[in-house]
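# Report on the structure
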Amino acid sequence: MSRQDVRDLYRHHDDGVRPGFSDRDTAHAYYSRYVTFVDRHLRRSSTMLDIGCGSGWSTSFFRQAGHRAFGLDLHAAPLDAAVAYVAADAQRLPFHDGVFDAVAMHTVLEHLADPARALGECFRVIGPGGRLIVVGPNLLSVGVAAKYALLSTIGAIRARGKWAKRTPGSPRHPFGNNLPEHWRFVFHHLWHTGVKLVGVGGVRFLMREPDPNPPFHADNDATYYCNPMDLLLWARRTPGVRAVRWWDDHHSAAHLLWPVSGGTWVVLEKER
């Protein structure tokens, strides 16, 4: 599967591509951390763009919180939640410069073929003092990689040295799918995390080949190893942009463990 195939997948298919919910309470439970995090870092009654809104529930919750929110996603299917919505690509936003106070995205950046272009587009449509808030996985998380590796090692010990072997149809998970792969990705992620923290070589968005087997499960279809280090370094190297926050506020130690934790929680601001 190419990166263009992933784009077409998210544009034309609905089943399994984006989460569906039977009722508002279930949707709220899924989006609550995202909506709460974004709301805490916005001015009251902000005009905002919610990229990757899926069925529209997150946009609806932002409106409930008092913001003038508009949803955006690739697909043109009817939304479960009745909100103002635009079918468009985050890498080519169909808006004039500076029309939003904020742009937020939830589990979107890892599926884009050109993350740098998407970031630039987001800041183009944000006015001075506005914010971009990115929430998603940390697909370079050493902590998550080590967890998979340790669990896989314990499983192999219990199975007397046996583990799953790769076959032509095996999926390609960003953290690996069997014991040798899990440990390989521990060192892979550790190396790239260290390089990005030091800032060697500037901003380099580490891409990966998306996997269509299955294309919708556990970020197998991710095209980019989304991580907070890239966003922080991009902000430092981009004129007129400053990083406000790059860790989750859900855990007390998150401000220390953000490079190795499992999530990307980043707030960037366009300077006045």
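Overview of the structure. (Residues numbered from 1 in each chain as written. Predicted model: local features only at pLDDT ≥ 70, side-chain atom pairs only at ≥ 80, totals over all residues. Heavy atoms only, no water.)

## A word on the nonpolar core
Buried together is how nonpolar side chains tend to be arranged in soluble globular proteins. Counting residues in each nonpolar core, the largest one holds 30 residues, and the members touching the most others are Leu-49, Ile-51, Val-103, Met-105, Leu-109, Leu-132 and Leu-268. Where this core is concerned, the elements lending two or more residues are β1 (47-51), β4 (100-106), α4 (115-125), β5 (126-137), α7 (228-237) and β7 (263-270). Examining the composition of this core, we find that five residues originate from one element, α4, more than from any other. Not counting the four nearest positions on each side in its chain, Leu-109 is found in contact with Pro-115, Ala-118, Leu-119, Val-134, Tyr-224, Cys-226 and Leu-231. (Core = buried A, V, L, I, M, F, W, Y, C linked by side-chain atoms within 4.5 Å. Buried < 20%, exposed > 50% of the residue type's maximum accessible area, 1.4 Å probe, protein only. Helix = DSSP H or I, 4+ residues; strand = E, 2+ residues; numbered from the N terminus. Contact = heavy atoms within 4.5 Å.)

## Side note on the pairing of β4
With six of seven residues buried, β4 lies mostly within the body of the structure. Note: β1 against β4, four bridges, orientation parallel. Across the sheet, residue Ile-51 finds its bridge partner in β4, namely Met-105. Judged from the six bridges that link them, β4 and β5 form a sheet pairing that is parallel. Looking at the pairing, Met-105 lines up with Val-134 of β5. This β-α-β element, β4 to α4 to β5, shows right-handed connectivity. (Pairing = 2+ DSSP bridges. Right-handed = clockwise from strand over helix to strand, strands pointing away.)

## Here we look at the sheet that holds strand β3 (residues 85-87)
One open sheet accounts for seven strands, arranged β3-β2-β1-β4-β5-β7-β6; its pairing is mixed. Of all the strands in the sheet, just β3 and β6 (241-245) have a single pairing partner and so form its edges. In this sheet, adjacent strand axes meet at a mean angle of 20° when their direction is disregarded. Examined bridge by bridge, β1 and strand β2 (residues 68-73) share five bridges and lie parallel to one another. (Axes fitted to C-alpha atoms, helices over the stretch in contact; angles between N-to-C directions.)

## Side note on the state of the cysteines
Applying the stated criterion across every chain, the model contains zero disulfides. Cysteine Cys-53 is unpaired, with the sulfur of Cys-122 as its nearest cysteine sulfur at 14 Å. The cysteine Cys-122 is free of any disulfide, with Cys-226 supplying the nearest cysteine sulfur at 12 Å. (Disulfide = S-S within 2.5 Å.)

## Observations concerning the packing of helix α6 (residues 179-198) against α7
Packing of α6 against α7 leaves a shortest axis separation of 9 Å and a crossing angle of 20°. Here α6 is positioned roughly parallel relative to α7, judged by the angle of their axes. Crossing of α6 over α7 shows left-handed handedness. In this structure, α6 uses Thr-193, Lys-196 and Leu-197 to contact α7, whose residues at the interface are Met-229, Asp-230 and Leu-233. The residue inventory of the contact of α6 with α7, partitioned by class, reads three nonpolar, one polar and two charged. (Parallel < 35°, antiparallel > 145°, perpendicular 65-115°, else oblique. Left-handed = near helix turned anticlockwise from the far one by under 90°. Nonpolar A, V, L, I, M, F, W, Y, C, P; charged D, E, K, R; others polar.)

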